[in-house]
Amino acid sequence: MTMISYRLLSSAMLVPVLLLPALLSGCTPAESSVQTSPIRPVKLFEVVQLNGDSFRTFPARVAANSRAELSFRISGQLTELALVEGQRVTEGSLLAKLDDRDAHNNLMTREAEHELLAADFKRKVELLNRKLISQSEFDNTQAQLKSAKAALAAARDQLSYTRLTAPFSGTIAKRLVDNHQIVQANQGVLTLQNNNLLDVSIQVPEAMAASLNEYIKQQNFIAKVRFSALAGMEFDAKFKEYSTQVTPGTQAYEVVFSLPQPEDIQLLPGMSAELTLALVKTPDQTASAIVPVTAIDKRDQDGRVQVWVYQTQSGEVKPTAVTLGRVTTEGIEVLGGINKGDLIVSAGVSQLSNGMKVKPLRWQRGV
């Protein structure tokens with residue numbers, strides 16, 4: 001074999017040898033398998049309950065339904081005041097009395113004047129019929145009689161003002177003066193309050209006050225009162241009234257409930273209490289759920305509020321638009337868009353995208 005043919009053969013054999021590493025490198029395991037992105041672990045929250053109603057508890061102020069500070073309409077010296085604080089009295093009973101001697105003497109004087117003018121008027125009627133007096137003289141006598149009658153009525157009123165009677169049945173809450181003391185007109189003598197029916201008032205925020213009227217109209221509207229001194233006991237209260245003006249110094253409105261006095265327990269005004277409202281929603285109102293605030297995602301492009309629902313079958317997450325309600329200490333209220341049993345992502349929602357595969361890191365039950 002000549003030298004030229006040997007060189008050609010060597011070159012032909014060298015080409016496959018040089019191509020072999022390139023062919024082998026194209027079949028490495030790294031390129032033979034499909035590369036997959038890591039699945040993001042997420043924290044899930046299970047919606048276990050949709051609330052058709054909510055319970056709100058407020059500190060309450062307890063006061064008597066009827067309360068009055070009683071006083072005399074005239075000045076004088078007390079001659080009768082034997083009541084003690086806590087004593088029950090009935091409507092119309094005598095509570096206190098002033099020295100009535102001056103008033104009684106004035107009444108007798110006015111009675112005498114009235115009797116004299118009444119007799120004179122009777123004679124003037126006969127004289128007028130017989131045309132023995134003029135009409136003007138008769139009119140003058142008639143006017144004097146009317147004036148005497150008014151003075152007599154005023155004297156009787158003055159005598160009645162020396163007696164202080166109970167305007168309603170109740171309990172003597174406070175005695176402000178002592179017997180035999182000189183009191184002035186309109187000076188407080190006694191404080192009378194009716195404890196048979198108590199007023200329980202609370203302050204509600206303006207956001208709740210706007211919809212409170214809708215809850216009050218419902219037959220199953222519930223208000224429960226609990227007292228610090230009576231652990232484990234609660235009492236039913238009924239709505240009485242609410243203020244349409246904001247309480248000075250706050251952005252809250254006063255709502256008052258009536259609480260009947262229990263038969264076996266003595267409830268007193270001023271006791272520490274709290275009132276719980278069951279705000280039952282009507283059938284046309286959307287049920288709500290409380291979810292963590294970190295589960296709420298707001299899109300930058302259109303401002304839509306959404307949560308990310310985990311699909312257990314595919315392991316993907318999908319965005320779901322929701323409507324938000326009030327913010328509570330447990331989380332934020334979602335008024336619609338999710339269902340009971342849904343698993344929603346409760347952390348890192350800004351890193352999610354539609355259809356992204358995730359795996360549960362840890363999920364905790366809702367309330």
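Residues numbered from 1 in each chain as written. Predicted model: local features only at pLDDT ≥ 70, side-chain atom pairs only at ≥ 80, totals over all residues. Heavy atoms only, no water.

Chemist: Just give me the short version of the overall build of the chain, but keep the residues and values in it.
Modeler: The helix and strand tally for the chain stands at five helices and 22 strands. Expressed as a percentage of the 367 residues in the chain, the buried residues total 34%. Contacts in the chain between residues far apart in sequence, at least 24 positions, make up 75% of those at least 6 positions apart. Carbon and sulfur atoms make up 53% of the accessible area of the chain, which totals about 22800 Å². (Helix = DSSP H or I, 4+ residues; strand = E, 2+ residues; numbered from the N terminus. Buried < 20%, exposed > 50% of the residue type's maximum accessible area, 1.4 Å probe, protein only. Contact = heavy atoms within 4.5 Å. Areas by Shrake-Rupley, 256 points an atom, 1.4 Å probe, with all protein chains shown as cover.)

Chemist: Tell me about the sheet that holds strand β6 (residues 163–165), residues and numbers included.
Modeler: A sheet is described by the order of its strands in space; here four strands give the open sequence β6-β5-β3-β8, paired in antiparallel fashion. The sheet is open, and its two edges are formed by β6 and β8 (182–183), each paired on a single side. Strand direction decides the pairing type here: strand β3 (residues 76–80) and β8, joined by two bridges, are antiparallel. Opposite Gln-77, over in β8, you have Ile-182 as the bridge partner. (Pairing = 2+ DSSP bridges.)

Chemist: Describe the pattern of salt bridges, listing the residues and the values that go with them.
Modeler: Close approach of charged atoms allows side chains with opposite charge to pair. One pass over the full model with this rule turns up 13 salt bridges. Among the ionic pairs, Arg-110 bridges to Glu-113, the shortest N-O distance being 3.0 Å. Within this pair, Arg-110 and its partner Glu-113 are both found in helix α3 (residues 101–129), separated by three residues, close to a single helical turn. Using a relative accessible area of 28% as the deciding quantity, one classes Arg-110 as partly exposed. Under the relative-accessibility criterion, Glu-113 is labelled partly exposed at 34%. (Salt bridge = Lys/Arg side-chain N within 4 Å of Asp/Glu carboxyl O.)

Chemist: Report on the packing of aromatic side chains, specifying residues and quantitative values.
Modeler: The final tally for this structure, using the stated rule, is four aromatic pairs. Between Phe-239 and Phe-257, the aromatic rings sit 6.0 Å apart at their centres with planes inclined by 80°, giving edge-to-face as the arrangement. Highlighted residues: Phe-239 in strand β12 (residues 238–242) and Phe-257 in strand β13 (residues 252–260), separated in sequence by 18 residues. The exposure class assigned to Phe-257 is buried, which follows from its relative accessible area of 0%. Three or more aromatic residues joined by ring pairs make a cluster, and in this case those are Phe-239, Tyr-242 and Phe-257. (Phe/Tyr/Trp six-rings, centres within 6.5 Å; stacked < 30°, edge-to-face > 60°.)

Chemist: For the environment of Met-356, give the residues involved together with the corresponding values.
Modeler: Tracing the chain through its elements places Met-356 in the loop between β21 (343–345) and β22 (358–365). Setting aside anything within four residues of it in sequence, one finds Met-356 in contact with Arg-40, Gly-315, Glu-316, Val-317 and Gln-351.

Chemist: Talk me through the confidence of the model for the chain; I want residue IDs and the actual numbers.
Modeler: Averaged over every residue, the pLDDT of the chain is 82; residues scoring 70 or more account for 83%. Note on residues 27–33: pLDDT is under 50 here. Beyond four places in sequence and across chains, it has one contact. Across residues 282–286, confidence stays below pLDDT 50; counting only partners more than four residues off in sequence or on other chains, it has seven contacts. (pLDDT = per-residue confidence, 0-100.)

Chemist: Lay out the pairing of strand β18 (residues 317–321) with the relevant residues and their values.
Modeler: Pairing between strand β17 (residues 305–310) and β18: five bridges, direction antiparallel. Its bridge partner lying in β18, Tyr-310 is registered against Val-317.

Chemist: Outline the packing of α3 against helix α4 (residues 135–160), supporting the account with residue identities and numerical values.
Modeler: Following both chains from N to C, one finds α3 and α4 inclined at 160°, their axes separated by 8 Å at the closest point. In terms of orientation, α3 and α4 fall into the roughly antiparallel class. Considering how the two elements wind past one another, α3 and α4 form a crossing that is left-handed. The residue makeup of the contact of α3 with α4, split by class, is 14 nonpolar, eight polar and eight charged. (Axes fitted to C-alpha atoms, helices over the stretch in contact; angles between N-to-C directions. Parallel < 35°, antiparallel > 145°, perpendicular 65-115°, else oblique. Left-handed = near helix turned anticlockwise from the far one by under 90°. Nonpolar A, V, L, I, M, F, W, Y, C, P; charged D, E, K, R; others polar.)

Chemist: I'd like a description of the environment of Gln-193, backed by residues and values.
Modeler: Position of Gln-193 among the secondary structure elements: in strand β9 (residues 188–205). Remark: the alpha-carbon pair of Gln-193 and Lys-174, spanning 19 residues in sequence, is separated by 9.3 Å. In this view, Gln-193 contacts Ala-64, Ser-66, Arg-67, Phe-168, Gly-170, Thr-171, Ala-173 and Pro-269; residues no more than four positions away in its chain are not counted. Of the polar contacts made by the side chain of Gln-193, one reaches the side chain of Asn-195; its length is 3.4 Å. (Polar contact = N/O pair within 3.5 Å; in protein donor to acceptor, adjacent residues only side chain to side chain.)

Chemist: Describe the nonpolar core, and please don't skip the residues or the numbers.
Modeler: Nonpolar side chains in soluble globular proteins generally cluster together in the buried interior. Residues Ile-202, Val-225, Phe-227, Phe-257, Leu-259, Leu-275 and Leu-277 are the most contacted members of the largest nonpolar core, which totals 26 residues. Those elements that provide at least two residues to this core are β2 (53–71), β9, α5 (206–216), β10 (222–227), β13 and β14 (273–280). Excluding its chain neighbours within four sequence positions, the residues that come into contact with Val-225 are Val-200, Met-233, Glu-234, Phe-235, Ala-237, Leu-259, Ala-273, Glu-274 and Leu-275. Counting 20 residues, the second largest nonpolar core, distinct from the first, contains Tyr-161, Leu-164, Val-183 and Leu-192. (Core = buried A, V, L, I, M, F, W, Y, C linked by side-chain atoms within 4.5 Å.)

Chemist: Kindly report on α3, identifying the contributing residues and their values.
Modeler: In this model, α3 (29 residues) spans 43 Å end to end at C-alpha, consistent with the 42 Å of a helix rising 1.5 Å per residue. Taken residue by residue, α3 has Ala-103, Leu-107, His-114, Leu-117, Asp-120, Phe-121 and Lys-124 as its buried positions. Looking at the buried side of α3, the elements it contacts are α4. Residue Lys-131 follows α3 closely and has a positive phi angle near 60°. (Expected span 1.5 Å × (residues − 1).)

Chemist: Mind laying out the pairing of β10, listing which residues take part and the relevant values?
Modeler: Across the two faces of β10 the burial differs, with Ala-223, Val-225 and Phe-227 buried and Ile-222, Lys-224 and Arg-226 not buried at all. Note that β10 and strand β11 (residues 234–236) share three bridges and pair antiparallel. Within β11, the residue paired with Val-225 across the bridge is Phe-235.

Chemist: Before we move on, can you summarise α4 with the specific residues and values?
Modeler: Between its first and last C-alpha atoms α4 spans 38 Å; for 26 residues at 1.5 Å apiece the expected length is 38 Å, and the two agree. Here α4 has its buried residues at Phe-138, Thr-141, Leu-145, Ala-148, Leu-152, Ala-155 and Leu-159. The elements touched by buried residues of α4 are α3 and β6.

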